[in-house]
Protein chains: 2
Amino acid sequence: MNEVSPIAGGDAVAIARILANDHVADIVEALNREPRELASELLAELPFERAVEIFDQPELDDAPELIESLPRDKAGRLLAAMSVDRAADVVRELSEPARTDLLHAITPALRHTILAILGYPEGSAGSIMTTEYVSVPPDWTVARTLDHIREVERTRETIYAIYVIDPQSRTLLRAFGLRRLIASAPDAQIMAVTPDKAPVTVPPLMDVEQVAQLIRKYDLLAVPVVENDRIIGLVTVDDILDTMIEETTEDVHRFGGMEALDEPYMKMGFFSMIGKRGGWLCALFLGEMLTASAMQGYEHELESAIVLTLFIPLIMSSGGNSGSQATSLVIRALALREISLGDWWRVAVRELPAGIVLGAMLGLVGVARITLWQYAGFYDYGPHWELIAATVGMALIGIVTFGSLTGSMLPFILKRIGFDPASASAPFVATLVDVTGLVIYFSVALVILRGTLL
Amino acid sequence: MNEVSPIAGGDAVAIARILANDHVADIVEALNREPRELASELLAELPFERAVEIFDQPELDDAPELIESLPRDKAGRLLAAMSVDRAADVVRELSEPARTDLLHAITPALRHTILAILGYPEGSAGSIMTTEYVSVPPDWTVARTLDHIREVERTRETIYAIYVIDPQSRTLLRAFGLRRLIASAPDAQIMAVTPDKAPVTVPPLMDVEQVAQLIRKYDLLAVPVVENDRIIGLVTVDDILDTMIEETTEDVHRFGGMEALDEPYMKMGFFSMIGKRGGWLCALFLGEMLTASAMQGYEHELESAIVLTLFIPLIMSSGGNSGSQATSLVIRALALREISLGDWWRVAVRELPAGIVLGAMLGLVGVARITLWQYAGFYDYGPHWELIAATVGMALIGIVTFGSLTGSMLPFILKRIGFDPASASAPFVATLVDVTGLVIYFSVALVILRGTLL
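Residues numbered from 1 in each chain as written. Chains lettered and ligands numbered in written order. Predicted model: local features only at pLDDT ≥ 70, side-chain atom pairs only at ≥ 80, totals over all residues. Heavy atoms only, no water.

### Topic: unusual backbone geometry
Across residues other than glycine, the phi torsion is negative in most instances, and most of the peptide bonds are trans. Put simply, the test is: Think of it this way: any DSSP run of H or I at least four residues long counts as a helix, any run of E at least two long counts as a strand, and we number them from the N terminus. Buried, partly exposed and exposed residues are distinguished by accessible area as a fraction of the type maximum, computed with a 1.4 Å probe on protein chains only: under 20%, between the cut-offs, and over 50%, respectively.
Of the consecutive residues Glu96(A) and Pro97(A), the connecting peptide bond is found in the cis state with omega at 5°. Note that Pro97(A) resides in the loop between α7 (84–93) and α8 (98–105). Backbone geometry places Asp219(B), a non-glycine residue, at a positive phi of 50°. Looking at the element boundaries, Asp219(B) is found in the loop between α14 (208–217) and β4 (222–227). The exposure class assigned to Asp219(B) is partly exposed, which follows from its relative accessible area of 30%.

### Description of the pairing of strand β3 (residues 172–177) of chain B
For a regular strand, the rule is simple: side chains alternate between the two faces of the sheet. Residue and element names in this part refer to chain B. Cut-off, in case you're wondering: Two strands pair if DSSP finds at least two bridges between them.
Pairing between strand β2 (residues 161–165) and β3: five bridges, direction antiparallel. Considered in β3, the bridge of Val164 is made with Arg174. Counting the residues that bridge the hairpin from β2 to β3 gives six residues, and of these Arg170 lies at a positive phi of roughly 60°.

### Some thoughts on the interface of chain A and chain B
Note the following rule: In what follows, residue pairs with any heavy atoms lying within 4.5 Å of each other are defined as contacts. The quantity reported as buried area is the accessible area (1.4 Å probe) lost by two parts once they are put together, taken as the sum for both. A pair is scored as a salt bridge if a Lys or Arg side-chain nitrogen falls within 4 Å of a carboxyl oxygen belonging to Asp or Glu. Distance and chemistry together define a polar contact, namely a pair of N or O atoms within 3.5 Å, with one atom able to donate a hydrogen and the other to accept it when in protein, and with adjacent residues in sequence counting only for side-chain atoms on both sides. Under the convention adopted here, Pro, Cys and the residues Ala, Val, Leu, Ile, Met, Phe, Trp and Tyr are nonpolar, Asp, Glu, Lys and Arg are charged, and Gly plus all remaining residues are polar.
Residue-level contacts link 126 residues of chain A with 126 residues of chain B. Both sides of the chain A and chain B interface together cover about 11800 Å² of buried area, and 66% of this is carbon and sulfur. Together, Arg179(A), Tyr265(A) and Arg350(A) form the three largest contributors to the area buried by chain A at its contact with chain B, with a combined 7%. Residue Asp242(A) is joined to Arg216(B) by a salt bridge in which the shortest nitrogen-to-oxygen separation is 2.8 Å. Between chain A and chain B we count 48 residue pairs in polar contact (both at pLDDT 80 or more) in total. Across the side of chain A that touches chain B, the residue classes break down as 71 nonpolar, 29 polar and 26 charged.

### Describing the relation of the copies chain A and chain B
Put simply, the test is: A least-squares superposition brings the copies together, and it is based on the C-alpha atoms of residues with pLDDT no lower than 70 in both.
Of the two same-sequence chains, chain A is brought onto chain B (RMSD 0.2 Å, axial shift 0.0 Å) by a rotation of 180°. The transformation just described matches what one would write down for a two-fold rotation axis. Mapped onto chain B, 100% of the interface residues of chain A again fall at the interface, so both copies present the same surface.

### Some details on the UniProt feature "domain: CBS" (unreviewed entry) in chain A
Which entries qualify depends on this criterion: UniProt positions are given in the numbering used here, feature names are shortened, and annotations may be inferred rather than shown by experiment.
Using the residue numbers shown here, the UniProt feature "domain: CBS" (unreviewed entry) corresponds to residues 193–250 of chain A. Summarising residues 193–250 of chain A: 43% helix, 22% strand, and an end-to-end C-alpha distance of 43 Å.

### Concerning the packing of aromatic side chains
Just so we agree on the cut-off: When two rings of Phe, Tyr or Trp (its six-membered ring) have centres within 6.5 Å they constitute a pair, described as stacked for plane angles under 30 degrees, edge-to-face for angles over 60, and tilted for the intermediate range. Geometrically, a lysine NZ or arginine CZ counts as sitting over a ring once it is within 6 Å of the ring centre and also within 35 degrees of the ring normal.
By the definition in use, this model includes 20 aromatic pairs over all chains. Summarising the aromatic geometry, the rings of Trp373(A) and Phe378(A) are spaced 4.9 Å apart at their centres and angled 75° between planes, so their arrangement reads as edge-to-face. Relative accessible area serves as the criterion here: at 21%, Trp373(A) is assigned to the partly exposed category. Summarising the aromatic geometry, the rings of Phe270(B) and Phe271(B) are spaced 5.1 Å apart at their centres and angled 90° between planes, so their arrangement reads as edge-to-face. On the basis of relative accessibility, which here comes to 21%, the residue Phe270(B) falls in the partly exposed class. You can call Phe271(B) exposed: its relative accessible area is 64%. For the cation-ring pair, Arg77(A) lies above Phe48(A), with the distance from its terminal atom to the ring centre recorded as 5.2 Å.

### Some thoughts on the pairing of β4(B)
Residues and elements named next belong to chain B. Within β4, five of the six residues are buried, which leaves it mostly tucked inside the rest of the structure. Relative to strand β5 (residues 230–236), β4 is paired through six bridges, and the arrangement is antiparallel. By the bridge assignment, Val225 is partnered in β5 with Gly233. From the end of β4 to the start of β5, which pair antiparallel, there are two residues, and Asn228 there has a positive phi angle of about 50°.

### A short note on a nonpolar patch on the surface
Residue and element names in this part refer to chain A. Condition: Nonpolar side chains (Val, Leu, Ile, Met, Phe, Trp, Tyr) within 5 Å and like charges within 9 Å form the patches, drawn only from residues with over 30% relative accessible area and no salt bridge. All accessible areas in this document rest on Shrake-Rupley with a 1.4 Å probe, and a residue is counted as covered only by the protein chains that are shown.
Together, Trp344, Trp345 and Val349 make up a nonpolar patch on the protein surface, roughly 360 Å² of accessible area in all. Its location among the elements puts Val349 in helix α19 (residues 344–376). A relative accessible area of 56% places Val349 in the exposed class.

Here it is as structure tokens:
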């Protein structure tokens, strides 16, 4: 594995060594560690070809700002030389007037292509596709196709996926891998050596996660994006890897109960981070305030049986924990398409008994704890301690069942109303369950303890 | 996109159509929906080549059981024809005596290779590598290399990554893509057209997530696994996609506060699922019991100021929520290697002020809520309501700060002692924070309310 060589600010020898020997990904990593001004100076000094390679890496931080800092004509030439999907990525983030300026510094054809890609919503196949793919007409031979690939190789993001397109209608006829070409006789006809099957394709609006599932399922290196039977671009497996890692990060952040950070944790500004966390934290806090209102409603019961308060944190957290488990299961099963929106009732039918069994387990542990403490003399729960134990046990069954059901249904509800199911965070579920948990606990107490403590 | 055609149990015409036309991934999907007995019968009837293709798909459920249900000699031939990394996967899950029987039904060389792969721990590069790669000596030309690839193509998992190996020492000299070969003149020497750089390689014990990061960083289609400068296998991007999706599922489940399910949610047996959830739920419950003990310790304060109990759920949940946010941030940053174990103090230095600011935000909201309720007459918090509001506000600052610090440090601690940082689940953090949260709350109350309510 290549060692990462740091750019020692201004050390010309070190820089020259890096530029000559290092993998472009290592250079990007080194540039990302430098202040933006220094990175910008270094990029301006680089040979043009090397700068293009560097800007082609999606890992380069602040690419739009770096492009803006270059002279407009050089920036325009860079955009034109970059792979078109990366160029679109950069243009997406440019601020005005640089964006308009740069779009006018490139050819109308490229401008048109970039704007078309930008027209697709973020997270769709269209938004990450490249339009630079290899296509050939159906009457070519294997040798001629190979010659063509050799000619266009430098301007294509991938040459491992090749498409046969009808020259009149531009309809996609076949899709095959370079492997097939290598394995075939040079004088064979393309149509004779490629599989006579409908190629796996995706529409431009398909969600990237779904595209990833397809690429994985069919073991593809790229999948063509098709609209009205015509190929408009292709999504490669590297784009998918990048996107999957980003989406996973977003999901983990959301599941932790916050807005997704779009930047690395250590690089993000302190106050932007506070903004992303504070919003949800306040929203959850406001929701959780209902617990104070619920407790106020049970003020009389609290005063007569102060012993009940001892178990409030224990009982509430159990509901939250069982809800968090159910939510994480359902979020992941939905993401993997093991279940779909219509399966909500099958999940509910599974979670109901699961909640009852898990609640009964915790209930037994809770009753055992109270009994043990009472007999061992660690604490005196009063003359009606059996009733208190029964209240805690029954409440746990109710709350864990309610938690499992709520946690498993919340992702379905969010998905149904158009949100990301991963927004059903553990804290969100816990907040939902807490208020109801209190009501369940005090309701059980009112039934079991009426006439004795209450 | 191919439509998925269901196998109508026993409908010969439908089955024939599927086998003739469908992509192997669709057949696997259809087989997965059938009971294992029927899947086994269908597989036994298939042409051998087709069965090999099907068993080569990692998505096939119950592959070990299906292999076991076949006659031993056919099973042995299947194993030998499958790609060696898949064969090792299947053998890993076989039960005895089938495992020993089958390992003796294959050639000693293959047995040796499979056992070597199985010797690497799960989740390591060695455990998912294939040993079927394309390698050539350094004195070959481009044309000769292409001819060789054509010859061995059928027995190699990928031909897109090619390795130049010293014939005497077996040292890895160069690594390059098929693309480079296609773009070069046929009579050029291999060593002249391939980059004179140390290839990116991984050691067999490297964690798969780290391999994924490298493959993504350097935009590779495969990475060689190297031990003592010798190539012992390679990991392809499809293996990485599969593994990443599995690892993400495991992380989401763990972060939800349970053991990772190894099977799809709807397919898993009810009681195995209860086992995976119940263990952690009980452990968390036992930990949370400390809250009851803590509350018992503050019994006197609870009796004199029952109004304090109203805010217990609100305050505790805020600590858990801020902890869950910090944990999700750190888990992900560790997984992406944005930070490493030694950066714990940099994270702590960031989380301390973040916790204080976030806590102050919630504290202000809390004080405002109490003030509003008091003035509007929704609830009477008594003559000392200002002191109660101050207690809630100060306690929130302390608890949110403590939650952020605990949540951010837990993944580091778990990683340090050899656990997966993703085991720092939201419920785990909440449980840790709850007990301390109560202690902080009552300590603040004792300071502020001494001489008035307490």
